[in-house]
Amino acid sequence: MDAAEDDRLDRDLVEQAQHGDREAFAILARTHGDRLMAIAQRILRDVGRAEDAVQQTLEIAWRELPRLRDPDRFDAWLQRLLVNASYAEARRSRAWNANVRILPVDGPASPDETLSIDDRDRLERGFRRLPPDQRAMLVFTHYLGLTPTEIADRLGIPAGTARSRLHYAHRAMRAAIDVDERPAAVAGGPSR
Amino acid sequence: MTDQRELDRLLGAFFVEGTDELADRVIDAALDHIDHTPQRRAMNAPWRFQTMPMLTRVAAAAVIGVLAVGGALFLLRPGTPTVGGPSATPGASSSPTVAATSTPSTTPPSPTPLPTGTSPADCVNPPPDIAALIAQTDPVACYGNAPLTLDASPIAAQIDCPVIVEPVWLACGTSILRPVGGSKFGPELVVNVDPKSGISFSDYLNKNVRITGHFDDPAARTCREAGRSPAVEGTPEPAAATIESCRRQFVVTQVVTLKP
């Protein structure tokens, strides 16, 4: 099945679900569920919270679906709901900056994707310090490969805001990596 | 100093790792929930004017015009009470019994529309419930600081704030509200209360209430990060980001208990 046919099938399902067809919505939920989970887990850095965010997204999507004006934008709309649910989940669980846990690694896909344990640890700590909106910008940029303009369109925010959030997020991540690379002067020795 | 290219490479590799599968039980739980959840009807009904006969079009336009002029005359007639003044008896299903507010009122306020011309097209205006409210990507852009009214049920919660912000009450939220009849997996709204308002949600735990509040509280303009808990490392976030976070906090200004 080619991409155009996939899109047409998706559109048909969305239109059916908009008219109350629960079976159609169930297919959509199963089709898009893995991608939603991948995004939420990368923003929230916690499987349980990501699952809660996805479940909430699907429930809101069902209820609000008749209001979606363009069925072709279902995927982008769903991701917008997910980001909002992730923000809410982050606000609800205030302890998300603490309790750092490194996720298991299945192995790098290519030499260019290799991360040392030190790198991963620094990135993890730096990322967890970011506010949710900056986390979302990094995930949409570096995981989904979208430009700030595309992200702005998808999340319904001004392009300038998207660029600003990305700038701050990059700056914070760079600072986190660079600070962690320096010896800890106060402790009198290497930080790691 | 890590250059942009190296940072891009590191972040690209960082996000390769992670969970890529959603457990079936999550989808099953969501589908189970929607089995008894009605959909919200679309408010933008299809526009059928072009397919109507000319006579019907003229008649429809005339009726609309008469209703508009008549409505305007009715509202502007001398002696009409102003909005928010003494009003009709509350409805039977959700009449207020106790008011604990900074601005006492005998009638729960109705949902308030957005300021004209400030809302993006996708804003749900006014938000009919908590789920619709938290679904807004940018509530400040949607609603500004217009008062919004929602039915909710406050739940007991301990909110630990890792980043200390001045004013403290705008930092992380004071209470958590669920929709009336909502489950623990449903949407929740984190709200803030200005101590000067005298409102305490501990008086309303697990009761059904009608709240009024707003985003973009004036106090948000002076928000600044004042410190971090020991569990949080890192440098303070930029001042603009702190202010933006504070502006997105929902500040409750009025609570009215609803009768069961």
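No experiment lies behind these values; they were computed from the predicted model shown.

### So, the overall build of chain B
Here comes step 1: Helices and strands together make up the secondary structure of chain B, namely six helices and eight strands.
Here comes step 2: Expressed as a percentage of its 260 residues, the buried residues of chain B come to 29%.
Here comes step 3: Across chain B, the fraction of contacts at a sequence separation of at least 24, relative to all contacts at a separation of at least 6, is 69%.

### Quick notes on the overall build of chain A
Here comes step 1: A tally of helices and strands in chain A yields eight helices and zero strands.
Here comes step 2: Counted from the first residue to the last, chain A has its helices and strands arranged as α-α-α-α-α-α-α-α.
Here comes step 3: Buried positions account for 44% of the 192 residues belonging to chain A.
Here comes step 4: Counted over contacts in chain A with a minimum sequence separation of 6, partners at least 24 positions apart contribute 62%.

### Looking at the pairing of strand β4 (residues 175-178) of chain B
All names here are of chain B.
Here comes step 1: Relative to β4, strand β2 (residues 148-155) is paired through three bridges, and the arrangement is antiparallel. Within β4, the residue paired with S153 across the bridge is R178.
Here comes step 2: Direction of pairing for β4 relative to strand β5 (residues 189-193): antiparallel, over a ladder of three bridges. Along β5, the bridge assignment pairs S175 with V191.

### A few points about the confidence of the model for chain B
All names here are of chain B.
Here comes step 1: Averaged over every residue, the pLDDT of chain B is 71; residues scoring 70 or more account for 60%.
Here comes step 2: When the elements of chain B are averaged for pLDDT, strand β1 (residues 96-101) gives the smallest value, 37, and strand β6 (residues 209-214) the largest, 94.
Here comes step 3: Across residues 43-52 the pLDDT falls below 50, and counting only partners more than four positions away or on other chains, this stretch makes five contacts in the model.
Here comes step 4: Considering only residues more than four positions removed or in separate chains, one finds that residues 79-119, a stretch of pLDDT under 50, has 61 contacts.

### With respect to the confidence of the model for chain A
Here comes step 1: For chain A, per-residue confidence averages 80 on the pLDDT scale, and residues scoring 70 or more make up 80% of the total.
Here comes step 2: Residue range residues 183-192 of chain A is modelled with pLDDT below 50. Its contacts to residues more than four positions away, or to other chains, number eight contacts.

### What about unusual backbone geometry?
Most peptide bonds take the trans configuration, and most residues that are not glycine carry a negative phi.
Here comes step 1: In this chain, N125 of chain B is followed by P126 of chain B through a cis amide linkage whose omega measures -5°.
Here comes step 2: Looking at the secondary structure, you find P126 of chain B in the loop between β1 and α4 (130-134).
Here comes step 3: Positive phi outside glycine occurs at R45 of chain A, with the angle close to 60°.
Here comes step 4: Relative to the helices and strands, R45 of chain A is located in the loop between α2 (22-44) and α3 (47-64).

### Considerations on the environment of T174 of chain B
Here comes step 1: Within the fold, T174 of chain B resides in the loop between β3 (163-166) and β4.
Here comes step 2: For T174 of chain B and D194 of chain B, which are 20 residues apart along the polypeptide, the C-alpha to C-alpha distance reads 9.2 Å.

Definitions and limits used
Residues numbered from 1 in each chain as written. Chains lettered and ligands numbered in written order. Predicted model: local features only at pLDDT ≥ 70, side-chain atom pairs only at ≥ 80, totals over all residues. Helix = DSSP H or I, 4+ residues; strand = E, 2+ residues; numbered from the N terminus. Buried ≥ 20, exposed ≤ 12 C-beta atoms within 10 Å, placed from the backbone. Contact = placed C-beta atoms within 7 Å. Pairing = 2+ DSSP bridges. pLDDT = per-residue confidence, 0-100.

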